Amino acid sequence: MPNGKWPKPDVGARPFRFGVYIGRFQPFHKGHLHALRLALTKADQVVIVLGSDRMALTVKSPWNCQDREEMIRACLDERDNHRVAFIGVRDYLYNEAAWLVELQEKVRQITGPTELSTCLVGHFKDDSSYYLKSFPQWTLIDAGHFDGLDATAIREAYFAGRRNWEPTVADPVREWLLSFAQARIREFLRFQEEW
């Protein structure tokens, strides 16, 4: 959403005005990209919700919202980059109601009150995906599991210095992660040690 304005949508080209895609994207892998592309086929504009915002960076959450937005935007062409907006939502341990309120308020600031024309794209990976059922006002679209990819395993391989993680991410993300390991070597080494 450059300059705070959405591009004029192709009216009637997609079933929903807005899509919402929630994740931590630590890192953004090909399964995430598959779900985002599905969201872009279903909605004129997509709000990408970056979870664990303002959290202390750890080996479980090594990249901040700006880092994750850069990874994601690098995978999109210019037109699709104009069709996405990003919001960060912090974690509320033991207070899911506060998390739901913050997420919905931030989405509504972008979309306005258009719940009936909004879809939620996600994947029921495991028990941590329960939140997908917490938004009955949005039409849920299950993106399915893509090649069994798991961000935890990707992070573990990355910080262990193995290269088997590379095929699990799109080329722009691979380049971003390789650059991170060199350009921000102190952070990378700290996460490696923590791993």
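In the block above lies the structure referred to throughout.
Reference entry: report on the structure contained in this document.

Reading guide: rules and limits
- Residues numbered from 1 in each chain as written.
- Predicted model: local features only at pLDDT ≥ 70, side-chain atom pairs only at ≥ 80, totals over all residues.
- Heavy atoms only, no water.
- Axes fitted to C-alpha atoms, helices over the stretch in contact; angles between N-to-C directions.
- Helix = DSSP H or I, 4+ residues; strand = E, 2+ residues; numbered from the N terminus.
- Left-handed = near helix turned anticlockwise from the far one by under 90°.
- Contact = heavy atoms within 4.5 Å.
- Nonpolar A, V, L, I, M, F, W, Y, C, P; charged D, E, K, R; others polar.
- 1 Å grid on protein atoms, 1.4 Å probe; cavity = no way out; pocket = protein on both sides within 12 Å on 5 of 7 lines; lining within 4 Å.
- Points joined across faces, edges and corners; volume = space filled by probe spheres on them.
- Salt bridge = Lys/Arg side-chain N within 4 Å of Asp/Glu carboxyl O.

**Structural notes on the packing of helix α2 (residues 65–74) against helix α6 (residues 171–183)**
Now for step 1: Look at α2 against α6: their axes get within 8 Å of each other, and the N-to-C directions meet at 145 degrees. At the point where α2 passes α6, the crossing takes the right-handed sense. Residues Asp67, Glu70, Met71 and Ala74 of α2 pack against Pro172, Val173, Trp176 and Leu177 of α6.
Now for step 2: When its residues are assigned to classes, the contact of α2 with α6 shows six nonpolar, no polar and two charged.

**A closer look at the layout of surface pockets**
Now for step 1: Here the largest pocket defines a volume of roughly 1100 Å³.
Now for step 2: Surrounding the largest pocket, 38 residues form its lining, Gly23, Arg24, Lys125, Ser128 and Tyr131 being those nearest its centre.
Now for step 3: At the level of elements, β1 (16–23), α1 (30–42), α4 (96–111) and α5 (151–160) are the ones that each hand at least two residues to the lining of the largest pocket.
Now for step 4: Across the lining of the largest pocket, the residue classes tally to 15 nonpolar, 15 polar and eight charged.

**Some details on the pattern of salt bridges**
Now for step 1: Considering all chains together, one arrives at nine salt bridges under this definition.
Now for step 2: When the shortest N-O distance is used, the salt bridge between arginine 163 and glutamate 166 registers 2.1 Å.
Now for step 3: Residues joined in a network through salt bridges with shared partners are Asp67, Arg184 and Glu187.

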